[in-house]
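# Geometric and topological summary
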Amino acid sequence: RKAEARRNWPRWTDGTLLKSFADPEELQGDEDPSLLSPRERRAAWLSVHRRGGCRMETCFDFSRCERHGFKVFTYPQERGQPVSETYGKILSSLERSRYHTRNPEEACLFILGIDTLDRDHLSGHYVSNVDEKIRGSPLWNGGRNHLIFNLYSGTWPSYGGELGFDTGQAMLAKASFDSSSFRPGFDVSIPLFSREHPQRGGDRGWLRRDSVPPKKKYLLVFKGKRYLTGIGSGTRNALHHIHNGQDIISLTTCKHGKDWEKHKDTRCDKDNVDYERFDYQELLHNSTFCIVPRGRRLGSFRFLEALQAACIPVLLSDGWELPFAEAIDWGKAAVVGSERLLLQIPSAVRCIHPERVLAFQQHTQFLWDAYFSSVDKIVHTTLEIIKDRLSPHRSRSRSLWNTLPGGLLVLPDFSTHLGDFPFYYLQHGYSPSKKFTAFIRAVSQAGSLSQPMLRLIQAVSASQYCAQIVVLWSCEKPPPPSGKWPQSAVPLTIIQGRRGRAADRFFPFEAIQTDAVLSLDEDTSLSTSEVDFAFSVWLSFPERIVGFSTQSHFWDPEQGRWGYTSKWTNELSIVLTAAAFYHRYYHSLFTEYLPAGLRELVDGLAACEDILMNVLVAAVTKLPPIKVTQRKQHKEGAAQPAECGDGAAGTPPPGQRSPSAPHSAPAKGTGTAGSRRFSQRQDCLNQLADWFGYMPLVSSQLRLDPVLFKDQVSVLRKKYPSLEKP
Amino acid sequence: IMCASAKYNTRGPALIPRMKTKHRIYYITLFSIVLLGLIATGMFQFWPHSIESSSDWTVEKRSVHDVPVVKLPADSPIPERGDLSCRMHTCFDVYRCGFNPKNKIKVYIYSLKKYVDEYGTLVSNTISREYNELLTAISDSEFYTDDVNRACLFVPSIDVLNQNALRIKETAQALAQLSRWDRGTNHLLFNMLPGGPPDYNTALDVPRDRALLAGGGFSTWTYRQGYDVSIPVYSPLSGEVDLPERGPGPRRYFILSSQMALHPEYRLELEALQAENGESVLILDKCTNLSDGAPAVRKRCYKNQVFDYPQVLQESTFCVVLRGARLGQAVLSDVLQAGCVPVIIADSYILPFSEVLDWKRASVVIPEEKMPEMYSILQSIPQRQIEEMQRQARWFWEAYFRSMKAIALATLQIINDRIYPYAAISYEEWNDPPAVKWSSVSNPLFLPLIPPQSQGFTAVVLTYDRVESLFRVITEVSKVPSLSKLLVVWNNQNKNPPEDSLWPKIRVPLKVVRTAENKLSNRFFPYDEIETEAVLAIDDDIIMLTSDELQFGYEVWREFPDRLVGYPGRLHLWDHEMNKWKYESEWTNEVSMVLTGAAFYHKYFNYLYTYKMPGDIKNWVDAHMNCEDIAMNFLVANVTGKSVIKVTPRKKFKCPECTAIDGLSLDQTHMVERSECINKFASVFGTMPLKVVEHRADPVLYKDDFPEKLKSFPNIGSL
């Protein structure tokens, strides 16, 4: 009996003599020439796995995406066939995407104009005869390269996955996906979201502070329906068991459906009373964990609600393929429980370390904001996941999807190496390269080089950190011959730009080889020490814009719109790109990530491009830009170089620093170029806030100065004495 | 409830027990009972009769040939075929695993038997070397249990690693007669070579009903995601050949193919690639005319050149891993071992441990159709990324491929993570190589949040007996608009704090905490009384900071809530003569620390200081009564990777060092001690986490020629 009780795996006396599980030849050469050739095998697969077991390699035509890249076509909506509000939002998100095309010839992915969101035939939104309609379309092609969105499938009583029409070889982007019907790497699981879900922008998460300890009033809460019968009732019927009336509140009501009283049991009356005593929103705000059980279907609205509220979801929905699980690591933001082990949940969540709780809470907020807070984000995440499958070697790694700022803002076409982005230095122990590229935009008319520009080139090239100078020459007249340019210690490259294309200054030119870009206007005036100091600051904040002249935005309640000021203020939220350091990745993000329409807007409104750059970087980082010490005004205000052409937009000194006349909105009716410019900038700001769906700019109250700046100590001790000269 | 986690104390160190008498009696009784129990157990333990004969406890010494023989009648039951719809919640019995504080599943191994059919013919080889290694590893691991009734997972000792080596029907019958088989529920089978001619199934053909399969060649159609585990095909060469890790960087060849039995169609494509790109591509094949004795599996040939295998793999940046009849190939393991980046060409193949490993960081997957584009695809990968992939490949091999033990434990850990998801190993732990884990930081306050101003901050004043100065500090600090509470940590056990009526009357709550011992670390305790995120640590003699300066400091902290934001800055320097770190408090152009005599920081760092300070630093600080601030600077910099923020210009501070600078008394020993602290902490942390910067934060309009009354913080920098 004792030998029975203590039996480890034996150490065999002849253990070393055992044979290997396979001969070396068997392992190194298992090819069987009698088999189908690879080509034949792939052809055979296609026929076998076209139905049912669709995968990208069998049901998706990659060749459609090769010539024009990843382009998405949405079917035009049929007359007399209105779509639901939610499907309308999805379609408009697709149309807002930078991948959208109106030409089906160049499309890689097709989306139906028929509303397929609600396929419960008892529902009012149910569209009948879908089969007929899609088969009538010449583009349908058996569903190949089609993506079908769906939120509700099946119906009472089983609520299965059926859509009620033949989806052929189309991919499904579906809520409440069951892992057994989910085709991995082919379908996309999306979250269930409500009709009120905002189109763009979206509300912030509710976590405003990292409380320590991260506990809230309640540990674990649930408030919802208790199904008395039918699918999902097993889990919902048990939820009341964990209620303890103190830190665990689990309330169910029997009231739902018309005939609930027929199925009513002895608990119902008391439960219904308790149920009314607590407010759902109050519980959501004040609990550390929220139970997210299955309903009739696997997904529920409360999943996104809990995520937004930073109430860590405790999932009790067995077999649910979690939203975007192909990209998102839910283990960092949710507790994936088992319906069968409900009674263990209280002890399990109690045992989670406070550090882990804090990390969970922050992660819910990151995911909410990165992928879920608007219909745009949900749809664009779906598209990016599919796009990543097309060229696996140019796709986002899992770590990239799961760290700030999230997959949508990181373009694998820029690089697949994390060290090339401004966001991951600390997490991966990289650091940005210690050199910068000075990038000067020249628009002046003169055939020769202006004095300010010559001085600027000299000052900048004297910096020990300057690797190269790139001039973007955006005038009709050709740039002066190379002999006319000043001799400098660093290489100088001239790029011929296009006239009137303001957004070009943020084009990801190949010539820019360093992580840091120092963006300059030709009439900017900077000293070498200013450049050196600002660059040393940028190295500490490589994800932000670090610059000299600043402006700020504010909400104007009278006008009901955003206001903009270049006045001297105690705050700042915009750094002018006439003199600013930032990471070169932002050139790519500006050019590739923003849809063409937005860049056209910038080209149309003078002096809007730098606001857009600031808005974009703030949307990515959620942080303000950084202002550093500035010696004196940066534009030589008096001698404005003439614009090329007839100068529709003048460039008055934006960073005017005349204390006697703080510069602000020019008096009404002056009609000067300055006021036009000012109102255009204000328009620009408002249009951008509208496009983003919120105002991404963040204000700061500080400026970074050298450590000994204006301290009462000998200038000989100071590293940047010249910054203090008036 | 039993939690494995250490709970934070909710009370401060002022833990003078104040227990009610009836509780005391209760606890004394409880304690006595426990003590009696312990004594009884101890006596029982050492009671002579209960001592086991030691031989029963040692591991058995037997030969594999001596194991019992089991005869399988021809009509003994055969399990159902594998159920493709099985998932953990449908086919796995979680109730067997239970809740336990360690969050570890218990794994039982059936004892070894020899199975024969009715005619006495063996069903399979009893056990292979690798399967024996695998079971030994499980048996030696924390997962193992010898109690079949407590087991959550059952591992048969029937060796099914190689389907070629077994008889399918009889093996299935052998499985079905296992004592706890129960349709294969919670049974785990390991298989590396599935299928057989002519169709080469991608999963083990042995009918196995609900059993989980850890398989080495799954395709996306046979792999039950979240149920099965995809494992490597082990390469026994790993055990024979020692390939030392080679530093990352360019190698002699760009692309290498070393597989011997490639389908002619693939070989043609590879040769076309070679023809196009010349010598940077090397396509090896079997050697045809090797001299006798040389093992063919350890040589590869190109024309007349002979190469040693697997050593030649180290000569290439990328190594092709093409599917054969099976999807899983042992060469993948050799390639990873060589630190060569695998280029995997096997459509629909589920990569080993893909549930947890991020293969994009270690390999390139190319669809079979795109083989002709391989060269250009690989060339588009940035060099720095290639180097990381080389390191990553080698790390995957070391951690998850190198031995049967590594494979077995990774498999069990994956299943364990499914059953206890709230205790699962994180992505970073699975994927980051040790060098990255070491050099990277994971900031605990990673979400970019600017805390609401309305929250305010809690000022924590550590004091001993300078009551007059303390009261002045309280009065000054109470003028700061965002102060929400003032906490005085009374560190003097010999003297009572002044009576309530004597304290200054201020507009915010003032609390006094008494400590049990006069320790510097009391300053950094996460008192429950601190209800704000922001803490202002301030000495009881810092009276020179203006309200504007403090308010501005708080505003700066809001913009950098994960940093130390303080007033006097300090610097560490490398002393080349002494070859060690030196502390510097002179007028320097750089800072790397701020003194916590006046600094804002997040309350979270109090938790870290109190509970997570590495090594003996905390005790060391308390014993030396010095350097608690340097320790805090190290801690925060180490966990966030970020520099401190020094705010506002330099002022005259009244503190030991500051007087030194004023030239009143040059306290040399103090400076020496501070330098020692830096060297001590750097050695405990194993690195120098402090970051040196050249900037400080001032209000936007500081010293600008602008009306003072319009500035938010006019009173900054007055001496």
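Residues numbered from 1 in each chain as written. Chains lettered and ligands numbered in written order. Predicted model: local features only at pLDDT ≥ 70, side-chain atom pairs only at ≥ 80, totals over all residues. Heavy atoms only, no water.

### Comments concerning the nonpolar core
- Ranked by internal contacts, the top residues of the largest apolar core, which has 107 residues, are A:Leu220, A:Phe289, B:Phe92, B:Phe190 and B:Phe353.
- Among the elements that make up this core, the one with the highest residue count is helix α10 (residues 404-419) of chain B (eight residues).
- With sequence-adjacent residues up to four places away left out, B:Phe190 is seen in contact with B:Tyr131, B:Leu134, B:Ile138, B:Val155, B:Val160, B:Leu161, B:Ala214, B:Ile231, B:Ala408 and B:Thr411. (Core = buried A, V, L, I, M, F, W, Y, C linked by side-chain atoms within 4.5 Å. Buried < 20%, exposed > 50% of the residue type's maximum accessible area, 1.4 Å probe, protein only. Helix = DSSP H or I, 4+ residues; strand = E, 2+ residues; numbered from the N terminus. Contact = heavy atoms within 4.5 Å.)

### Side note on the packing of aromatic side chains
- In this structure the tally under the stated criterion is 65 aromatic pairs over all chains.
- Measuring from ring centre to ring centre gives 5.1 Å for A:Trp45 and B:Trp221, while their planes differ by 65°; the resulting arrangement is edge-to-face. Taken together, the positions of A:Trp45 in helix α3 (residues 38-49) and B:Trp221 in the loop between β6 (212-215) and β7 (229-230) put the pair across two chains. The same class applies to A:Trp45 and to B:Trp221, which are both buried.
- Judged by centre distance (5.3 Å) and plane angle (65°), the ring pair of A:Phe414 and A:Phe421 falls under edge-to-face.
- Judged by relative accessible area, A:Phe421 falls into the buried class, the value being 0%.
- Its end group placed over the ring of A:Trp691, A:Arg96 keeps NZ or CZ at 5.1 Å from the ring centre. (Phe/Tyr/Trp six-rings, centres within 6.5 Å; stacked < 30°, edge-to-face > 60°. Lys NZ or Arg CZ within 6 Å of the ring centre and 35° of its normal.)

### Digging into the sheet that holds strand β15 (residues 457-463) of chain B
Residue and element names in this part refer to chain B.
- Strand order in the open sheet formed by seven strands is β17-β16-β15-β18-β23-β19-β24, with mixed pairing between adjacent strands. Both edges of this open sheet fall to β17 (510-514) and β24 (645-646), since each of them pairs with a single strand only.
- As defined by bridge partners, strand β19 (residues 565-566) adjoins β24 across two bridges and the pair is classed as parallel. What sits directly across from Gly-566, in β24, is Lys-646.
- Strands β15, β18 (534-539), β19, β23 (598-602) and β24 of the sheet are contacted by helix α14 (residues 547-559), whose axis makes an angle of about 30° with β23. (Pairing = 2+ DSSP bridges. Axes fitted to C-alpha atoms, helices over the stretch in contact; angles between N-to-C directions.)

### A word on the pattern of salt bridges
- Enumeration over the complete set of coordinates arrives at 70 salt bridges over all chains.
- The salt bridge involving A:Arg200 is made with A:Asp690; its shortest N-O contact spans 4.0 Å. In this pair, A:Arg200 sits in the loop between β6 (188-189) and β7 (218-225) while A:Asp690 sits in helix α22 (residues 673-692), placing the two residues 490 residues apart along the sequence.
- In this structure, A:Asp683 and A:Arg561 form a salt bridge, with 3.1 Å as the shortest nitrogen-oxygen distance. With a gap of 122 residues between them, A:Asp683 in helix α22 and A:Arg561 in strand β18 (residues 561-565) connect regions that are remote in the sequence.
- In the salt-bridge network here, residues are joined through shared partners; they are A:Arg41, A:Arg42, B:Glu368 and B:Glu369. (Salt bridge = Lys/Arg side-chain N within 4 Å of Asp/Glu carboxyl O.)

### Quick look at the state of the cysteines
Residues and elements named next belong to chain B.
- Throughout the structure, instances matching the rule amount to ten disulfides over all chains.
- One disulfide in the model links Cys-319 with Cys-340; its S-S distance is 2.1 Å. Taking the sign of the S-S torsion, about 105° here, the bridge from Cys-319 to Cys-340 comes out right-handed. Taken together, the residues span a long stretch of sequence, with Cys-319 in strand β12 (residues 316-322) and Cys-340 in the loop between α7 (331-337) and β13 (341-345) at a distance of 21 residues. For the pair Cys-319 and Cys-340, a shared accessibility class is recorded, and that class is buried. (Disulfide = S-S within 2.5 Å.)

### Focus on the side chain of A:Thr101
Residue and element names in this part refer to chain A.
- Looking at the element boundaries, Thr-101 is found in strand β2 (residues 100-101).
- Given the relative accessible area of 6%, Thr-101 is considered buried.
- Among the polar contacts made by the side chain of Thr-101, one reaches the side chain of Glu-106 at a distance of 2.7 Å. (Polar contact = N/O pair within 3.5 Å; in protein donor to acceptor, adjacent residues only side chain to side chain.)

### Focus: the packing of helix α11 (residues 301-308) of chain A against helix α13 (residues 354-372) of chain A
Residues and elements named next belong to chain A.
- For the pair α11 and α13, the least separation of the axes is 8 Å and the interaxial angle reads 120°. When the axis of α11 is compared with that of α13, the two are oblique. Counted together, Leu-304, Leu-307 and Gln-308 of α11 and Thr-364, Gln-365, Trp-368 and Phe-372 of α13 form the full contact between these two elements.
- Residues of the contact of α11 with α13, tallied by class, amount to four nonpolar, three polar and no charged. (Parallel < 35°, antiparallel > 145°, perpendicular 65-115°, else oblique. Nonpolar A, V, L, I, M, F, W, Y, C, P; charged D, E, K, R; others polar.)

### Some points on the domain arrangement of chain A
- According to the domain assignment, chain A contains domain 1 (52-189), domain 2 (218-373) and domain 3 (436-630 + 677-704).
- Here domain 1 of chain A and domain 3 of chain A have C-alpha centroids that lie 42 Å from each other. (Domains from an automatic or database assignment.)

### Quick look at the environment of B:Arg81
Residues and elements named next belong to chain B.
- Looking at the secondary structure, you find Arg-81 in the loop between β1 (69-71) and α2 (88-91).
- For Arg-81 and Glu-265, which are 184 residues apart along the polypeptide, the C-alpha to C-alpha distance reads 34 Å.
- Sequence-distant contacts of Arg-81, defined by excluding residues within four places in its chain, comprise Asn-201, Asp-205, Pro-207, Arg-208 and Asp-209.

### Topic: helix α3 (residues 129-140) of chain B
All names here are of chain B.
- When the terminal C-alpha atoms of α3 are compared, their 16 Å separation across twelve residues agrees well with the 16 Å that a helix rising 1.5 Å per residue should span.
- Burial runs high along α3: nine of the twelve residues are buried.
- Here α3 has its buried residues at Glu-130, Tyr-131, Asn-132, Leu-134, Leu-135, Thr-136, Ala-137, Ile-138 and Ser-139.
- In this fold, the buried residues of α3 make contact with β2 (107-109), β4 (153-155), β5 (188-191) and α10. (Expected span 1.5 Å × (residues − 1).)

### What to know about the sheet that holds strand β20 (residues 569-575) of chain B
Residue and element names in this part refer to chain B.
- Here three strands make up an open sheet; going across it, the order is β21-β20-β22 and the pairing antiparallel. What marks the edges here is a single partner per strand, and that holds for β21 (580-584) and β22 (593-594).
- Here β20 runs beside β22; their pairing, made up of two bridges, is antiparallel. Across the sheet, residue Gly-569 finds its bridge partner in β22, namely Val-594.

### Remarks on the interface of chain B and chain A
- Of the residues lining the interface, 157 residues belong to chain B; the matching set on chain A comes to 132 residues.
- Buried surface at the junction of chain B and chain A, summed over both partners, amounts to about 13100 Å²; 55% is from carbon and sulfur atoms.
- Among the residues chain B hides against chain A, the three largest losses belong to B:Trp221, B:Glu694 and B:Val700. Together they make up 6% of the total.
- In this structure, the connection of chain B to chain A is made through 68 residue pairs in polar contact (both at pLDDT 80 or more).
- No other element matches α3(B), which puts seven residues into the side of chain B that touches chain A.
- When the residues that make up the side of chain B that touches chain A are grouped by side-chain class, the tally is 78 nonpolar, 33 polar and 46 charged.
- As paired elements, strand β22 (residues 702-706) of chain A and strand β25 (residues 695-699) of chain B share five bridges and run antiparallel to each other. Following the sheet pairing, A:Arg703 is matched in β25(B) by B:Asp698. (Buried area = accessible area lost by both parts, 1.4 Å probe.)

### Thoughts on helix α9 (residues 383-401) of chain B
- Between the first and last C-alpha of α9(B) there are 25 Å, a value that for 19 residues agrees with the 27 Å anticipated at 1.5 Å per step.
- Considered for burial, the residues of α9(B) that qualify are B:Gln385, B:Ile386, B:Met389, B:Gln390, B:Gln392, B:Ala393, B:Arg394, B:Trp395, B:Phe396, B:Trp397, B:Tyr400 and B:Phe401.

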